[in-house]
Every structure is written in C-alpha cells, then in structure tokens.
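Residues per chain, in single letters:
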Amino acid sequence: MAETGNRLRKLLESPNFDPQNYVKQLSQQSDGDRDLQEHRQKIQNLADETAQNLKKNVYKNYRQFIETAKEISYLESEMYQLSHILTEQKSIMESITQALWSADKDETSKEMQAAFPKETEEVKQRTLTSLLEKVEGGKNIMDTPGRHLVYNGDLVEFDVDNMSPIQKVHAFLMNDCLLIATWLPNRRGTVKYKYNALYDLESFAVVNVKDNHPMKDMFKILMFPDSRIFQAENSKIKKEWLEILDETKKNKVTKDRHKKEEEPPTSPVRAEVSTNPFDMDDDDPADAEEGVDLSLEWIQELPEDLDVCIAQRDFEGAVDLLDKLNEYLKDQPVNQRVRELRLTVDERVRQLTEVLVFELSPDRSLRGGPKATRRAVLQLIRLGQSTKACELFLNNRAAAVHTAIRQLRIEGATLLYIHKLCNIFFTSLLETAKEFETDFAGNTGCYSAFVVWSKSAMRMFVDAFSSQVFDSKESLSTAAECVKVAKEHCQQLVDIGLDLTFTLQSLLVKDVKAALQSYKDIIIEATKHRNSEEMWRRMNLMTPEALVKLKDEMRSCGIGSFEQYTGDDCWVNLSYTMVAFTKQMMNFLDEGLKLYFPELHMVLLESLREIILVAVQHVDYSLRCEQDPEKKAFILQNATFLHDTVLPVVERRFEEGVGKPAKQLQDLRKSNRSVRINPESTTSLV
C-alpha cells in the first residue's frame, strides 16, 4: 500500500504530468466503478497527507518567525542603547573640542594683540575709513573714537509683509554699531553707496529665518517696533553674519561691563552716616557680598556636578542639586557673585531641559507605555515647566496612539478589526489618563489640555473606524455591531471621570445617518420590486421545519401572535410579500436602535415611516383595484396583520429603545385605519 502511494505521489509530482491523459488511461484500465472509487480514495489520502505536512511546515516556520521577531526586538533595543551611548559620547567630545578650541583661540588672540596692538587697530580704522569714503553721507561715522570695522558684505533686503525683494544693500558691522547703505544706481566717482540707517548693537536683536524654498539664507533684525529681513548670498555667508553679529554684541557687552567696573566711585565722601531715615534700608554692596557665603564646597563644585548628572542621565540628582541651591539662596541678598552663579547654573538648566525635552519627543522609542515618560515629565514639572511637560507628554502619547493604530493589521472580518482597534485605542487612552492624573496631580490647570487632547485623539480613532466600517460599505448589521462595540469601550472611561460618549456620537453621526438612509433606500426598492410581482396568494413553506423556523424568526422580532396566521400543514395565511416586509422592517428597526444617537432621532423615525408607508400604499392600492371577493378578503387579512400586529410592535420597540413615543408612527397607524374599516373606499392615503 505504501509503495502504491509513493508511486502515485511521484507520478503526480513529475513535471510532465498531464491530468487529461492520466484520467483517460485510468478509465481504460479500470474494470468498473469500484476501481475508480478505490483510486479516488488513494488520491484523497495523498491529498490529506500533503495538507497535514503543509500544516506542520507552516507551524514550524511560524514558530521560527516568532523567535526571529523576538530576536529582532532585542537587537533593536540594544542598537537603540548603543546609539544613545554613541550620541552622548559624541556630544561630550564636541563640547571638549569646543572648549579646547576656544582656549586656543583666546590664547592666540591675546598673543596677536600683544604682538601687534597698535598696528591691528590702525589697520582696522584705515580699512573702515577707506570703505566709508564710498558711502554718501557717512563721513561723520568715524567721529567716534575707537570705532573700527569688524565685517561687511552685500545683502538683499526683503519686504517683511509679502517677502518680495526691495533693494540691494551693503552692510558695515563695526565694533559698536551696524551701518546699512543702499546701492546708488548712478555712481559718482568712488561713491557707490548711500547712507540708509545706523543701529547701535544694543538696540536690535538678530533672529535666524528658517529656510522655506525659495526664501532661504535669510536673517531678521528686530528693532522695536520695526524689523528688517536680509538675504545673504549663500548659507555660508549667512552663517558668518549670524556668528559675527552675535560675537560682536557679546564683546561690546563685556567691554561695557569692564569699563563700568574700572570707573572710580563718583562720591567718595558717602561714608558719612546719613541722617535720612529712608537711607537705612539701602544695602551696601560690600555688606551684601559679605552676607552670602558662596565658598562652600558643594556650591563651588555645583556646575561640574550638574554636568556629570546630565551626562550620566541622572535627572533626579541634577534637579535635587538645583532645589538645594534655590533653597540656600532663597532668603539671601542678590549681589554680583550671586548673579554670576545664577548665569552659570541657568546654562546647565537649559541643557537639562533640552535633554528632558528630547526624552519626551516622538522621535524616541514609544515602547513602554505612558509610564516610560514619567521620569522626564516629573523633572520638568520640578523645574517649573509644567506647561511644556504637559504639551510634550500629550504629543508623545498622540504619536504612540497613532503608531499603534497604523500598525494594526486590517483583518478580513471588519468586526474583528474593530474589536482590536477599540481595545488598543481605549486601553491606551485609559492608561494615558491614569498616568496624566498621577504626574499632574498638583497642576489642575493642565487638565483642560488633556480634555482637548482626548477629543483630538477620539477624532483620530473615528477616522480609522469610519474608513473601515462605513467607507467599505459594510452591511447595516455589521456597522451596528461595530458602533455598539465602540460605545461599550467608551463607557470604560466614565469610571475615571472622562465621558467622551458625546464626542464619539457627534463624530459618527454623519456616517451613521448616511448608512441609515442608504439601507432605507435599499429596503424601499426591494419592497417595491416585490409589490410589483405580488399575486396575493397564501405562503406555502413546503416543510414543517421551515414553518417552525419562520415562527421562531417572528417570535424573535417581537410578534408573538403569529401563530393565529398559520394554517394547516405548512401554509401561512399571509402573502410572501407581507412576511418578507415584516422581517426586513424588524431587522432595520433592531439595527437602527443599536446605532441610535439623540441627534438621529428624527432620521430613524422618518426612515421607519417611509418604509411603512410603502407597504401601506401597496395594500391600499390593492384593496381598491382588486375585484375578486376572495382575494380582497385575503388582502384585508394582510392589512389587518400590518395594522394590528406589526405597527404596534414597531411603536413599542421604538419607544423601549429610545425612551420617547413614536408620534409620527402613531399618526400613520391611525390614518391607515380607514383602509381596514372601509376597504371599498376609493380615496388613497397618498
């Protein structure tokens, strides 16, 4: 038997196998039906064996795939840690290189100034004088002693409002001011430019303008309340302008501060005791300096300790040091040494803030859930930046939710996909809410931001929900089940005081309304089609099982008195059209109640009324046109079933599901009573 199976397998696996020739030869060689049945059983056994082997291979490969995915996840985590270590080492090396480069630059500058002090100043002043001779109206600029040229170059000025080019200018940066000169269209001798404006370095601020094609290589000069935008020739020249402007402004501030410190006191006789009682509150700077002891070892080492904590990612330790310093200086007078210490510490605070902001950025790994962000969030709050912490936390969670939804695989079954989508989204939202409440317990002002974020997250969820449920044209029953699942998951948020049911309904109301109206139109068209072929004959179900099944369906629809309309054997004393309409009508009502929102009350009610009106009109028309007494009595029996059985059930179930009476349906039933009472009437309901 095994040899026969192997021979058959080899035959079927051969590349030259021809099914038609094989069947033809098999028919010629077989003695009868029994041989063919045996051969068919052999092929079936071979097929079952092959299928079993395929299942084993798939399961084996699937396990290997799971193991491979786990290994990839571990490798990804290790690579992320390695990347972070390399990034930290790179930043440390860059800071060390920058410090060494600055020290070498300062030493070289001092040596050059010591070797050629007069010559350098003279060369700078001579260069500035020669350049200013080309500027019309700029002769008085050199009247200020010590003024010399630092940098100059051509720029193009743009309009601040519409970003259109205005004119070509030449800028002269001096050690204490900035001169803007425009190009002369008609040159006269050596004069090329015309004086336009002169700005003191302390009167303006320089701001980099982000490149936005075609507007690039630009920077802005802010002079309250005006501003001007200039464009450099290329990015290299723009970078030079920004760096030299910043360095020149810093040099001027340092020089002015040194000059003030070197000035002698203007009133040396101030040592006399004043008789003015209001002078007793003024603090002497010398006394203030003596009152603050900054010689403590931990204060002297504070900047270095902060650098170490930031490099080692010891955020809690860094913030503890800052809190300790603030507590120590809280009641101390402020003098020059305290200000300098504050400036040094503020730079570390800025670096620490940048690292914490990076920790919360969406570019970082989003694994670990909301709790993974707690460390950075709490330290930002301790630094007094709870608003920024709230914004970064919510942005991080929004990116995590978006990524989770995007990575969710779209299954063939829509309801299965919606179950997974609701589980992922509402679980993430619940975890985010609990973590937010834990982190921002003392910052009640941030809760409004969380509510706004929750609504935007719900909008993201509804977009994914609607594209899968409504855009794919699923049946009304599937859509109703999906909406029911979403409502149930949304109720979980009520336990923590966050009720987004109204938001969910308002975002879904448009799609649900369109689905109800579309399915209503389908039912009306199907009913009209059946009405056009109506013969007004009793319904024969042929088998008792079919009759029992129909009774169960009607009972599930709420029509418990259907037994009185069943006859002997398998007959039903109603037409096929009336039974089909009843089943479709009740199904639409059940699905509509699952989809019900208060905003859809009139939509569902009017849809039910229009569907019922089609059946009422058909019965009315048939009663007026039918001449056969027996058929007219049968039509009247169907009308009685519709009026006395179906419509009251629809009204009752609608009121139970909605909580409000269906007045329009009651009015329709009352107007339909004339058909049952006076079947000979020639007046139509329409």
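Check the entry above for the structure.
Quick caveat, the model's predicted, so the values are computed rather than measured.

Rules of the game
Residues numbered from 1 in each chain as written. Predicted model: local features only at pLDDT ≥ 70, side-chain atom pairs only at ≥ 80, totals over all residues. Heavy atoms only, no water. Helix = DSSP H or I, 4+ residues; strand = E, 2+ residues; numbered from the N terminus. Contact = heavy atoms within 4.5 Å. Axes fitted to C-alpha atoms, helices over the stretch in contact; angles between N-to-C directions. Parallel < 35°, antiparallel > 145°, perpendicular 65-115°, else oblique. Nonpolar A, V, L, I, M, F, W, Y, C, P; charged D, E, K, R; others polar. Salt bridge = Lys/Arg side-chain N within 4 Å of Asp/Glu carboxyl O. Buried < 20%, exposed > 50% of the residue type's maximum accessible area, 1.4 Å probe, protein only. Expected span 1.5 Å × (residues − 1). Pairing = 2+ DSSP bridges. Core = buried A, V, L, I, M, F, W, Y, C linked by side-chain atoms within 4.5 Å.

Draft legend 1. A look at the side chain of His489. Structurally, the position occupied by His489 is in helix 15 (residues 476-491). With sequence-adjacent residues up to four places away left out, His489 is seen in contact with Cys422, Asn423 and Phe426.

Draft legend 2. Layout of the packing of helix 18 (residues 576-594) against helix 20 (residues 629-658). Taken N-terminus to C-terminus, the directions of helix 18 and helix 20 make an angle of 5°; their axes are 11 Å apart at the nearest point. By the criterion of interaxial angle, the relationship of helix 18 to helix 20 is roughly parallel. For the pair helix 18 and helix 20, contact is made by Met578, Phe581, Thr582, Met585, Met586, Leu589, Asp590 and Leu593 and by Asn638, Phe641, Leu642, Val646, Val649, Val650, Arg653, Phe654, Gly657 and Val658, respectively. Residue composition of the contact of helix 18 with helix 20, by class: 13 nonpolar, 3 polar and 2 charged.

Draft legend 3. Summary view of the pattern of salt bridges. A complete count under the given rule lists 25 salt bridges for this structure. For Glu610, the salt bridge is made with Lys520, and the minimal N-O distance between the two is 3.0 Å. With Glu610 in helix 19 (residues 601-625) and Lys520 in helix 16 (residues 501-532), this pair connects stretches of sequence that are 90 residues apart. Given a relative accessible area of 9%, Lys520 falls into the buried group. Across the pair Arg624 and Asp620 runs a salt bridge, and its minimum N-O distance is 3.5 Å. Of this pair, Arg624 and Asp620 both sit in helix 19, 4 residues apart, which is roughly one turn of that helix.

Draft legend 4. Here's a closer look at helix 14 (residues 447-469). Under the 1.5 Å per step criterion, the end-to-end length of helix 14 is 32 Å for 23 residues, consistent within 8% with the ideal 33 Å. Residues of helix 14 that are buried: Phe450, Trp453, Ser454, Ala457, Met458, Phe461, Val462, Ala464, Phe465, Ser466, Gln468 and Val469. Structurally, helix 14 contributes buried residues whose contacts are with helix 12 (386-407), helix 13 (414-439), helix 15 and helix 16.

Draft legend 5. Seen up close, the pairing of strand 7 (residues 218-223). Bridge analysis of strand 6 (residues 205-209) against strand 7 gives 5 bridges, and the strand direction is antiparallel. Following the sheet pairing, Val209 is matched in strand 7 by Met218. Sheet topology note: the strand 7/strand 8 (residues 226-231) ladder contains 6 bridges and is antiparallel. The residue bridging Met218 from the neighbouring strand is Gln231, located in strand 8.

Draft legend 6. Structural view of the pairing of strand 3 (residues 165-174). Two strands pair when backbone bridges link them, and strand 2 (residues 149-158) and strand 3 are joined in this way by 9 bridges, in the antiparallel orientation. Counterpart to Tyr151 in the pairing with strand 3 is Leu173. The loop that links strand 2 with its antiparallel partner strand 3 comprises 6 residues; one of these, Met163, has a positive phi angle of about 55°.

Draft legend 7. Seen up close, the environment of Gly445. Secondary-structure assignment places Gly445 in the loop between helix 13 and helix 14. With a relative accessible area of 63%, Gly445 lands in the exposed category. Taking the C-alpha atoms as reference points, Gly445 and Thr387, 58 residues apart in sequence, are found 8.8 Å from one another.

Draft legend 8. Quick look at unusual backbone geometry. Located in the positive-phi region is Asp217, a residue other than glycine, with phi close to 60°. Mapping Asp217 onto the fold places it in the loop between strand 6 and strand 7. Overall, Asp217 belongs to the buried group, its relative accessible area being 9%. The residue Arg313 is not glycine, and still its phi comes out positive at about 60°.

Draft legend 9. Structural context of the nonpolar core. With 121 residues, the main nonpolar core has Phe461 and Phe465 as its most contacted residues. Within the second largest apolar cluster, 19 residues are counted, among which are Leu173, Ile180, Ile221 and Trp241.

Draft legend 10. Molecular detail of the side chain of Thr182. With respect to the helices, strands and loops of the structure, Thr182 is situated in strand 4 (residues 177-188). Taking relative accessible area as the criterion, Thr182 reaches 12% and is therefore assigned buried. Beyond its immediate sequence surroundings of up to four residues, Thr182 is in contact with Gln167, Lys168, Val169, Lys192, Tyr193, Lys194 and Asn196.

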